[in-house]
Amino acid sequence: MVSRTKTGWDAYCRCPVVLAPSEIPEVMKKAIVTVEDKRFFDHGGVDVVSLLSVLKGGLTRGGSTIPMQLLKNLVFHDLRASDVLTRLERKGAEVWYAGLFDEAVGKEELLAAYLNQIEFGGRDIVGLYRASRHYFRKEPKDLTLYEAALLAGMVKAPARLNPLRAKTRERAHERALLVLKLMVEQGRISDKERRQAEEAGIRPGMLPEFKIQAQAFTEWVVETWGDKYVQPGETVRFFVTLNPRAQHIAEQQLSRLVKDGAVPSQYDAGAVMMAPNGRVQAMVGSVNWSQRQFNNAVKARVQAGSTAKLPLLIAACEAGRMPESRVMDQPIRGTWPANGELGYRGQTTLKEAIASSRNAAAVRLTQEIGADAVAEVSRRIGIDPGPAVDAGFILGSYSSNVMAMTAAYTAVANGGYQIEPSGVLAVVDGRGQVRADFLTPCARGSSLRNVSSQHSRFYVRWSSMGPDARRS
């Protein structure tokens, strides 16, 4: 969510951990349908019975189905004003596109998208996965029937039904009991199952709360795409490439390196994880963002060091060298290039020289192939070593950044094609206007109000942000 104000930007990542339909327990599906849309599996996106009650009793009666709520929460945030005309406009848009959602996507994926996107208590507890970790310290697959009922009951008012706060705990449990009672009345569970659930209650697990620091990625998205797609005074939703699970892994690994002393205390660090198509899955800007808000992943320029040897390996392959081709690992003059503690090996294989990062062998091989030829390969994969190069450039004496070097290595994973790092899948304003669509090349700038059922499918793909969405 990106807001542009007179004084600057306000942006944050909702960052839900996406669960596939098969990863969501049946007890959770039953509980959420019971309280939010009891005819979900019977209607075609719009519950006519509930809609008629709205028309009779006024807009305050609700009547929104799960597809309609998904649209309201994800898209139509500019249509939440209290005046009747705006509310009628939003309700009309929800009704129209809910049917397209239901037809194009299917019940199971819609339900998963909804559970992945709803808030269970503020910006940091978005989606079922994070809610399960926050309130019960367990994976969603381990939720009990009672815990599922409690979470489903919270959706109505997370702040007033928080089971962890002393002031709201009793109210939350009363709501859970009501959800269980409704599940029995609607035939989703037996009365015996209800009694067993009430007796079992909450069974907390041992997992820590799932937390990530997405500030660096958010800042990068705003600085790269904000000016182009957000006008002053607007709040626009960016559907992004960040994968919270990958982000969590990146943060844990960097913390481990710091703890092990691989990153000295006087240094800072950054990290990027990227898919073969160039979509950034994770970004760590600093060892401790709360202490130093500087995005080392994209802003810090440092010597490339041994990572600069990648173009040499590519150039060697293009020149016909094989992994077992022989290279000379000896200094050229005096003790330069130095291999440090490795020492010099004399004749060795290309495979061993690159794997061990032997500087002397790298410089000699660069001389044999030609420094200009290796530099040209470097530029082709997105690393610019500068205009004038000699064989020593392969030791990484020039400056680069984490993002550029990750993109260069990603070109190898991409079959040899250079990529452009990407962080955004789509940009949608608060009235449903699609300002940018990087999933469907022909759909850039199209409007939600003029699209087909196929476009509706992409909307739900964006909402779930799972691997299938990225592949599509």
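Below is a short write-up of the structure. Along each chain, residues carry numbers from 1 onward, in the same order as the chain's sequence is written. In keeping with the model being predicted, local features are shown solely for residues with a pLDDT of at least 70 and side-chain atom pairs are shown and tallied solely at 80 or more, while totals for entire chains, interfaces and linings include all residues. No hydrogens and no water enter the side-chain calculation; it runs on all heavy atoms of the structure.

1. Notes on the overall build of the chain
Logical step 1: In DSSP terms, a helix is any run of H or I states spanning at least four residues, a strand is any run of E spanning at least two, and both are numbered starting from the N terminus. Along its length, the chain carries 18 helices and eleven strands.
Logical step 2: Across the 472 residues in the chain, those meeting the buried criterion constitute 51%.
Logical step 3: If you take every contact in the chain between residues at least 6 apart in sequence, the share linking residues at least 24 apart comes to 67%.
Logical step 4: Surface exposure of the chain reaches about 22300 Å², of which carbon and sulfur atoms provide 51%. Under the scheme applied here, a residue whose accessible area is under 20% of the maximum for its type counts as buried, over 50% as exposed, and between as partly exposed, the area being computed with a 1.4 Å probe on protein chains only. Contacts were defined at the residue level, with two residues in contact if any of their heavy atoms lie within 4.5 Å. Accessible areas in this description were obtained via Shrake-Rupley with a 1.4 Å probe; residue shielding takes into account the shown protein chains only.

2. Describing the nonpolar core
Logical step 1: Ranked by internal contacts, the top residues of the largest apolar core, which has 89 residues, are Met-28, Ile-32, Leu-151 and Phe-238.
Logical step 2: Ranked by the residues each element gives to this core, the list is headed by helix H7 (residues 145–154), at eight residues.
Logical step 3: Those residues in contact with Ile-32 that lie beyond four places of it in its chain are Asp-37, Leu-111, Tyr-114, Leu-115, Ile-118, Ala-152 and Val-155.
Logical step 4: By convention a nonpolar core is built from buried Ala, Val, Leu, Ile, Met, Phe, Trp, Tyr and Cys residues, the set being connected through side-chain atoms within 4.5 Å. Formed by 28 residues, the second largest nonpolar core is a distinct cluster that contains Ala-353, Val-363, Ile-383 and Met-405.

3. Observations concerning unusual backbone geometry
Logical step 1: Residue Trp-336 is joined to Pro-337 through a cis peptide bond whose omega torsion reads -5 degrees.
Logical step 2: Position of Pro-337 among the secondary structure elements: in the loop between strand E7 (326–329) and strand E8 (346–349).
Logical step 3: A positive phi angle, close to 50 degrees, is found at Cys-15, a residue other than glycine.
Logical step 4: Note on placement: Cys-15 falls in the loop between strand E2 (9–11) and helix H1 (26–36).
Logical step 5: Located in the positive-phi region is Arg-137, a residue other than glycine, with phi close to 55 degrees.
Logical step 6: For Arg-137, the position within the fold is in the loop between helix H6 (128–136) and H7.

4. Concerning the side chain of Ser-378
Logical step 1: Positionally, Ser-378 belongs in helix H15 (residues 371–380).
Logical step 2: Apart from residues lying up to four places away in sequence, Ser-378 is in contact with Pro-311, Ile-383, Pro-385 and Tyr-398.

5. A few points about the sheet that holds strand E1 (residues 2–4)
Logical step 1: Pairs of strands are assigned from DSSP output, requiring at least two bridges between the strands. Taking strand neighbours across the sheet as the criterion, the five strands line up as E2-E1-E3-E10-E11 in an open arrangement whose pairing is antiparallel. Looking at strand neighbours, the two that pair on one side only are E2 and strand E11 (434–437), the edges of this open sheet. Along the sheet, successive strands turn relative to each other by an average axial angle of 20 degrees, direction set aside.
Logical step 2: One ladder, built from three bridges, connects E1 with E2; its direction is antiparallel. Counted as the bridge partner of Ser-3 is Asp-10 from E2.
Logical step 3: Docked against the sheet, helix H10 (residues 215–229) engages E1, E2, strand E3 (235–240), strand E10 (424–428) and E11, running at close to 120 degrees with respect to E3. Axes here mean lines fitted to C-alpha atoms, for a helix over just the part in contact, with angles spanning 0 to 180 degrees between N-to-C directions.

6. Let's talk about the state of the cysteines
Logical step 1: Cysteine sulfur atoms are paired as a disulfide whenever they fall within 2.5 Å. Evaluation of the coordinates by the stated rule reveals one disulfide.
Logical step 2: Between the sulfur atoms of Cys-13 and its disulfide mate Cys-15 the distance is 2.2 Å. Taking the torsion about the sulfur-sulfur bond, which here is approximately 130 degrees, the covalent link between Cys-13 and Cys-15 counts as right-handed.

7. Some remarks on the pairing of E11
Logical step 1: By the bridge criterion, three bridges tie E10 to E11 in an arrangement that is antiparallel. The residue bridging Val-428 from the neighbouring strand is Val-434, located in E11.
Logical step 2: Counting the residues in the hairpin turn of E10 and E11 gives five residues, including Gly-432, whose phi is positive at 90 degrees.

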